[in-house]
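Chain by chain, the residues:
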Amino acid sequence: MELNLQRQSITISEVVYDGDVEQPIECDALLPDYCPDIVKVLKCAVTTNILSTSLSGDRLTIEGMAVAHVYYSSGGCAIRHTEYKIPFARAVDLREAPEFPVITVKPRVDYVNCRAVNQRRIDIRGALTLSVKVTNNRPEPVVSDAQGGGIQLRRDMVGATEIIRQTESPFTVQEELECGYGKPPIGNIVRTDARVNLSDHKIVSGKIVLKGEMAIHISYQPVESEELEVMDYSLPISQIVDCDGVTEDCRCDAKVFVHACDIMPKADEAGEYRLFSVDAQLKAAITAHMNQEIPVASDCYSTDYDCKGQIRPVSFMRLVDILKDSVLHKASMDLPEEVDSVLDSWCDVADIQWNMEGSDLSITVSILVSLFARMLDGESMYFEQPTAVTHKVTLPCDGQNIRFDPSCSIAGTDYALSGKEKIDIRCEVAVEGCVYQTIQHSAIGDIQIDESAPKLKEKNKLYLYYADEGESVWGIAKHYNTSANRIWEENALDNDILPEKKMILIPMA
């Protein structure tokens, strides 16, 4: 007797590491020569970028850059800005060496303290949290079909998703922007912000075409003035990313991040500083998914011999949804009585938390509202207030065993004063991320038949069986040592689970 087994490889998604690591940041630096002396530090904000990740065996090395933005007063209403780049590297030991890794690292600023040691020296201390997740999408051979020896297989179709491509593509955007009509020449750039909002992506012959816009916010103080001018720009973005193996049947999560954006004043033809020179370093990140219906043999027996199948649980990953939502959040902030006017206001994402409430995915985004204000005595001050917004999404599944790696950003901010006592903030929060569900299923890795232990067979017999509602035809066939296919054909059944009590005929194989 010859038993022929057919095997296929399925992709098993296993989490190798999922945790947080702390990374300190430290900087002791002098002011650049062109910056005036420090009178008072108003605010220190840190932005972070992950530059690269590399695996060597079971050790993950993360390299990144933290940029400390220091805003300070140099006397009167003047607000000055300087920044310091703080590179960092962090090694993380995994529990095993993944062969086909998918790595996600998301940095979060825990705290930052900044003090002026003297009028020209700054001391910065803080800490980051790096949320690290590493999954191993490894191929696993399982039995898909078997013939010979009276073997019977229970085959189930499992809907699963395979990440077939994960790629990053850096590119640059260089532009010259003019000051608005009637705006005074540029003296000192105080604060800049740049972000990319994707509007569309298309898959064309192994490439992904991205389209969107880069929104740029600039606040500056004019020459010979301590007032603050604000400018907003929108630059169209179009980029083609090579993604070999990606077809139109794929579902892609496409994002574009701003790694760095240097904005400097530039003189126009008349010699006046009325231009902004923009040099932005961007990175497109693509994750391509392919949905599949995979036939998996989950149980077996032989009608001729004693049979043993090596059955083990396997985990499949299924893509539930790719979120691309926009949430409008409104908040109010009480102003101190000494505030004369608001110079600039903005919002930053401080933290993201999520949990499942049945089949509803609840995402809570913590937001920090910040503003520069001019006081009645002419001094500039910084104020901030935390707020939060919760966004709920109903998922097309039962909500069990959900994996979600959200990313949130502020897509736009505007404000309006309510008299002198309150400011009303409106911000648009972009909520993005892939929602996965982990599915546990049994699969057969191997089958062994004992030819020295044949089974007694009853041929040409027909049994009557009174089945209960919810019984499995496969279970009945296994109990009577016959073929489930024969029972389905004899009784014109099209489902393994019987929907009601009924009498069925059981032909012997």
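Above this text you will find the structure in question.
Along every chain, residues carry numbers that run from 1 in the direction the sequence is written. Owing to the predicted nature of the model, reporting of local features is limited to residues with pLDDT of at least 70; listing and counting of side-chain atom pairs is limited to 80 or more, with chain, interface and lining totals taken over all residues. Each side-chain value is derived from all of the structure's non-hydrogen atoms; neither hydrogens nor water enter the calculation.

1. Thoughts on the layout of surface pockets
Step number 1: Cavity and pocket criteria rest on a 1 Å grid covering protein atoms alone: a 1.4 Å probe that fits but cannot get out defines a cavity, protein on both sides within 12 Å along at least 5 of 7 lines defines an open pocket, and an atom within 4 Å of a point defines a lining residue. Grid points are joined across faces, edges and corners, and a volume is the space filled by probe spheres set on the points. In this structure, the second largest pocket occupies an estimated 270 Å³ of space.
Step number 2: Contributing to the lining of the second largest pocket are 14 residues, with L153, R154, R155, N485 and W488 lying nearest its centre.
Step number 3: Element by element, the count of residues in the lining of the second largest pocket is highest for strand β7 (residues 151-178), at six residues.
Step number 4: Think of it as three bins: nonpolar holds Ala, Val, Leu, Ile, Met, Phe, Trp, Tyr, Cys and Pro, charged holds Asp, Glu, Lys and Arg, and polar takes everything else, Gly as well. Its residues assigned to classes, the lining of the second largest pocket comprises six nonpolar, three polar and five charged. Per the convention used, a helix needs a DSSP run of H or I reaching at least four residues, while a strand needs a run of E reaching at least two, with both numbered from the N terminus.

2. Structural notes on the packing of helix α1 (residues 473-480) against helix α2 (residues 484-491)
Step number 1: To obtain each axis, a line is fitted to C-alpha atoms, and for helices this fit is confined to the stretch in contact; angles are then taken between N-to-C directions over 0 to 180 degrees. The geometry of α1 relative to α2 is characterised by a closest axis approach of 8 Å and an angle of 120° between their N-to-C directions. Taken together, α1 and α2 sit at an angle that is classed as oblique. Of the two possible hands of crossing, α1 and α2 adopt the one that is right-handed. Residues V473, W474, I476 and A477 of α1 pack against A484, I487 and W488 of α2. By definition in this entry, angles of less than 35 degrees are roughly parallel, angles greater than 145 are roughly antiparallel, angles of 65 to 115 are roughly perpendicular, and the rest are oblique. Helix crossings get a hand from a simple test, with the near helix turned counterclockwise from the far one by less than a right angle marking a left-handed crossing and a clockwise turn marking a right-handed one. Contact between two residues is taken to exist if any of their heavy atoms lie within 4.5 Å; hydrogens are not considered.

3. Some details on the sheet that holds strand β6 (residues 121-147)
Step number 1: When DSSP finds at least two bridges between two strands, those strands are taken to pair. In space, the three strands of this open sheet follow the order β1-β6-β5, with antiparallel pairing throughout. Two strands close off the open sheet at either side, each with one partner strand: β1 (4-30) and β5 (101-118). Neighbour-to-neighbour, the strand axes of the sheet open up by a mean angle of 5°, direction not taken into account.

4. What about the state of the cysteines?
Step number 1: Counting rule for disulfides: a pair of cysteine sulfur atoms within 2.5 Å. This structure, assessed with the given rule, holds zero disulfides.
Step number 2: C114 forms no disulfide, and the closest cysteine sulfur to it belongs to C44, at a distance of 4.4 Å.
Step number 3: Lacking any disulfide linkage, C347 is separated from the closest cysteine sulfur, that of C427, by 4.2 Å.

5. Focus on the pairing of strand β19 (residues 422-454)
Step number 1: Direction of pairing for strand β13 (residues 305-334) relative to β19: antiparallel, over a ladder of 29 bridges. Looking at β19, one finds that V327 is bridged to V429.
Step number 2: Alignment of strand β18 (residues 407-418) against β19, held across 11 bridges, turns out to be antiparallel. Across the sheet, residue G412 finds its bridge partner in β19, namely E428.
Step number 3: The turn linking β18 back onto β19 is made up of three residues, and G419 within it adopts a positive phi angle of 70°.

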